[in-house]
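So the chains spell out like this:
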Amino acid sequence: MSSRTSPTSQPITIRRAVARDAKRLTRLVRGSGAYAGKYAAAVSGYRVGPDYIEAHRTFVAVGADEDGGRILGFYSLVLAPPELDLLFVADEAQGRGLGRLLVAHMQSEARAAGLDRVEVVSHVPSQDFYHRVGAVRTGTALANPPAVPWDRPTFEFRISSA
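Procedures and definitions
- Residues numbered from 1 in each chain as written.
- Predicted model: local features only at pLDDT ≥ 70, side-chain atom pairs only at ≥ 80, totals over all residues.
- Heavy atoms only, no water.
- Helix = DSSP H or I, 4+ residues; strand = E, 2+ residues; numbered from the N terminus.
- Expected span 1.5 Å × (residues − 1).
- Buried < 20%, exposed > 50% of the residue type's maximum accessible area, 1.4 Å probe, protein only.
- Pairing = 2+ DSSP bridges.
- Polar contact = N/O pair within 3.5 Å; in protein donor to acceptor, adjacent residues only side chain to side chain.
- Contact = heavy atoms within 4.5 Å.
- Salt bridge = Lys/Arg side-chain N within 4 Å of Asp/Glu carboxyl O.
- Arc of directions from axis to C-beta.

### Things to note about helix H3 (residues 98-112)
Here comes step 1: Between its first and last C-alpha atoms H3 spans 21 Å; for 15 residues at 1.5 Å apiece the expected length is 21 Å, and the two agree.
Here comes step 2: All buried positions along H3 are accounted for by Leu 98, Gly 99, Leu 101, Leu 102, Val 103, His 105, Met 106, Gln 107, Glu 109 and Ala 110.
Here comes step 3: Phi for Gly 114, located one or two positions after H3, is positive at around 85°.

This is the structure in structure tokens:
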């Protein structure tokens with residue numbers, strides 16, 4: 001577990017997700033403003049289950065508040081093949097550096113696991129974010145209807161050894 005202060009000066013703790021976080025992570029995915037309109041169908045039935053959390057390195061960013069901490073974002077790192085499978089930040093927490101903090105944490109986890117690269121199949125509206133946090137565009141993942149009826153940009157994080 002690591003604790004840092006976000007650019008908003010709110011204490012943020014990044015910890016490993018546990019099975020009881022599954023419903024909150026599912027709500028965060030389904031409620032994401034980035035998936036409004038034509039993108040809504042991609043997440044309407046999406047579920048982050050306890051089995052998923054157990055199978056992958058899933059981490060949550062928890063903010064200190066009157067409720068004892070609220071999940072503000074999360075990511076999931078799949079080791080084989082190396083992929084940043086999920087990265088979500090709550091709509092109200094976006095634009096304050098939390099996504100960047102989660103990416104830095106992911107890179108640290110990838111480095112500790114001995115990975116030298118991590119692929120990302122980006123949601124179209126998120127491609128500028130991935131570019132800003134240092135991912136390199138590598139290509140395009142073709143549409144996969146009916147689940148994802150649009151092409152998506154692919155990126156790669158190159159993980160340094162130090």
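### Observations regarding the pairing of strand E6 (residues 117-121)
Regular strands have side chains that alternate between both faces of the sheet.
Here comes step 1: The side-chain alternation of E6 yields one buried face, formed by Val 118 and Val 120, and one unburied face, formed by Arg 117, Glu 119 and Val 121.
Here comes step 2: Note that E6 and strand E8 (residues 152-158) share 5 bridges and pair antiparallel. Of the residues in E8, the one forming a bridge with Glu 119 is Glu 156.

### Side note on the side chain of Glu 156
Here comes step 1: Take Glu 156: it is sitting in strand E8.
Here comes step 2: When its relative accessible area of 15% is taken as the criterion, Glu 156 is described as buried.
Here comes step 3: Polar side-chain contacts of Glu 156 include one of 3.1 Å to the side chain of Arg 158.
Here comes step 4: If near-sequence neighbours (up to four positions away) are discounted, Glu 156 is found in contact with Arg 117, Val 118, Glu 119, Ala 135, Val 136 and Thr 138.

### Some remarks on the pattern of salt bridges
Here comes step 1: Throughout the structure, instances matching the rule amount to 6 salt bridges.
Here comes step 2: Taking the shortest distance from any N to any O, the salt bridge between Asp 21 and Arg 24 comes out at 2.9 Å.
Here comes step 3: Owing to a relative accessible area of 0%, Asp 21 belongs among the buried residues under this scheme.
Here comes step 4: Ionic contacts of the salt-bridge type, sharing partners, join the residues Arg 15, Asp 21 and Arg 24 into one network.

### So, helix H1 (residues 22-30)
Here comes step 1: Here H1 has its buried residues at Ala 22, Leu 25, Thr 26, Leu 28 and Val 29. Looking straight down H1, one finds that the buried residues subtend no more than 160° of arc, so they occupy a single side. The exposed set on the far side of H1, more than 90 degrees from its buried face, consists of Lys 23 and Arg 27.
Here comes step 2: In the core, the buried residues of H1 are packed alongside helix H2 (50-55), strand E3 (57-63), strand E4 (70-78) and strand E5 (83-89).

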